[in-house]
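The chain contents come next:
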Amino acid sequence: MKNGLACIHCWRKAPHGATRCPKCGNPITHTISERFMLDELLALRSDVATYKATDRREHRSVVVRILHPFAEKAVKDCFTREARFLRDFAGTGPFPEFVDYDELSSHKTFYSVVSYVKGTPLPSAALKYGPAEIMDVFFEILDGVGKIHEKDFVCCNLQPEHI
């Protein structure tokens, strides 16, 4: 069963198919910039909502991240740096393809979009694959982290679930 979406106004989860937030009554945002249809909430943190979505122009799955409208300035700055970083690294290394970054002016916030990479998260893959396959992935990760550090960027959210 698909997860619902989150209300951009009060940052609460809404059930799948809801058109209005059951908490605050505001409309649930289903489409970003008339291009990205939000399909499923993947994660809801205090500062960012992450969705699996459909790029209606390119007819493919993407990941849309929406910054909380009241996020602190430091979080907003990090969100912007990350989007620029992904744009600059498009097509290199083990990074998802950058698709879009823009202001969601109707909600006074920003969003970023990257390609959806289908796969098994590292913790689950580690249970299925042997040491050689896991080491291959590990070296790919190290290569990517090296490229990040060469650009004086430090990823603060590198977790096994994101790999």
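A brief structural summary. Since this is a predicted model, take the numbers as computed values, not measurements.

This next bit is on helix 3 (residues 131–150). Counted at 1.5 Å a residue, the expected span for helix 3 with its 20 residues is 28 Å, and the 28 Å between its end C-alpha atoms agrees. Inspection of helix 3 places Ile141, Gly144 and Ile148 among the buried residues, and these make up the whole buried set. The arc that holds the buried residues of helix 3, viewed along the axis, is 60°, so those residues lie on one side. In helix 3, the exposed positions that point more than 90 degrees away from the buried face belong to Pro131, Ala132, Asp136 and Glu150. Next to the buried residues of helix 3 lie helix 1 (73–88) and helix 2 (122–128). Two residues or fewer past helix 3, Asp152 is found with a positive phi of approximately 60°.

Helix length check: helix 1, at 16 residues, gives a terminal C-alpha distance of 22 Å against a target of 22 Å (1.5 Å per residue), a fit within 8%. Of the surrounding elements, those touching the buried residues of helix 1 are strand 5 (48–55), strand 6 (60–67), strand 7 (98–104), strand 8 (109–115) and helix 3.

Moving on, we come to the nonpolar core. One finds Ile32, Phe36, Leu38, Tyr51, Val64 and Ile66 to be the most contacted residues of the largest nonpolar core, which totals 23 residues. Apart from residues no more than four positions distant in its own chain, Ile32 is found in contact with Leu38, Val64, Ile66, Leu104 and Tyr111. Judged by nonpolar contacts, the second largest core, of 8 residues, contains Val63, Phe85, Phe89 and Ile148.

This next bit is on the side chain of Ser115. Relative to the assigned elements, Ser115 resides in strand 8. Assessed through its relative accessible area of 14%, Ser115 is described here as buried. The contacts of Ser115, once residues within four sequence positions are left out, are Arg60, Ser61, Val62, Val63, Pro96, Glu97 and Val99.

Sheet architecture is open: 6 strands sit in the order 3-4-5-6-8-7, paired in antiparallel fashion. Edge positions in the sheet fall to strand 3 (31–32) and strand 7, since each has one partner strand and no second. In terms of strand pairing, strand 5 meets strand 6 through 8 bridges, oriented antiparallel. Within strand 6, the residue paired with Val48 across the bridge is Leu67. Relative to the sheet, helix 1 contacts strand 5, strand 6, strand 7 and strand 8, its axis offset from that of strand 7 by approximately 150°.

In this structure the tally under the stated criterion is 6 salt bridges. As a salt-bridge pair, Glu97 and Arg60 come within 3.0 Å of each other at their nearest N and O atoms. Of this pair, Glu97 sits in the loop between helix 1 and strand 7 while Arg60 sits in strand 6, placing them 37 residues apart in sequence. Take Glu97: its relative accessible area is 37%, and that puts it in the partly exposed class. The salt bridge partner of Arg65 is Glu82, with a shortest N-O separation of 2.2 Å.

A contiguous nonpolar surface patch, about 390 Å² in accessible area, is contributed by Met135, Phe138, Phe139 and Leu142. Mapped onto the secondary structure, Phe138 falls in helix 3. Its relative accessible area of 40% is what places Phe138 among the partly exposed residues.

With that settled, consider the packing of aromatic side chains. On inspection of all chains with the given rule, the structure shows 3 aromatic pairs. Here the aromatic rings of Phe79 and Tyr101 are separated by 6.3 Å at their centres, their planes lie at 45°, and the arrangement is tilted. Note that Phe79 is positioned in helix 1 and Tyr101 in strand 7, a separation of 22 residues in sequence. Overall, the relative accessible area of 4% leaves Phe79 in the buried class. Linked through ring pairs, Phe79, Tyr101 and Phe110 together constitute an aromatic cluster. Seen from the ring of Tyr116, Lys52 lies directly overhead, with NZ or CZ sitting 4.5 Å from the centre.

Reading the values: rules and limits
Residues numbered from 1 in each chain as written. Predicted model: local features only at pLDDT ≥ 70, side-chain atom pairs only at ≥ 80, totals over all residues. Heavy atoms only, no water. Helix = DSSP H or I, 4+ residues; strand = E, 2+ residues; numbered from the N terminus. Expected span 1.5 Å × (residues − 1). Buried < 20%, exposed > 50% of the residue type's maximum accessible area, 1.4 Å probe, protein only. Arc of directions from axis to C-beta. Contact = heavy atoms within 4.5 Å. Core = buried A, V, L, I, M, F, W, Y, C linked by side-chain atoms within 4.5 Å. Pairing = 2+ DSSP bridges. Axes fitted to C-alpha atoms, helices over the stretch in contact; angles between N-to-C directions. Salt bridge = Lys/Arg side-chain N within 4 Å of Asp/Glu carboxyl O. Patch = residues over 30% accessible without salt bridge, like charges linked within 9 Å, V, L, I, M, F, W, Y side chains within 5 Å. Areas by Shrake-Rupley, 256 points an atom, 1.4 Å probe, with all protein chains shown as cover. Phe/Tyr/Trp six-rings, centres within 6.5 Å; stacked < 30°, edge-to-face > 60°. Lys NZ or Arg CZ within 6 Å of the ring centre and 35° of its normal.

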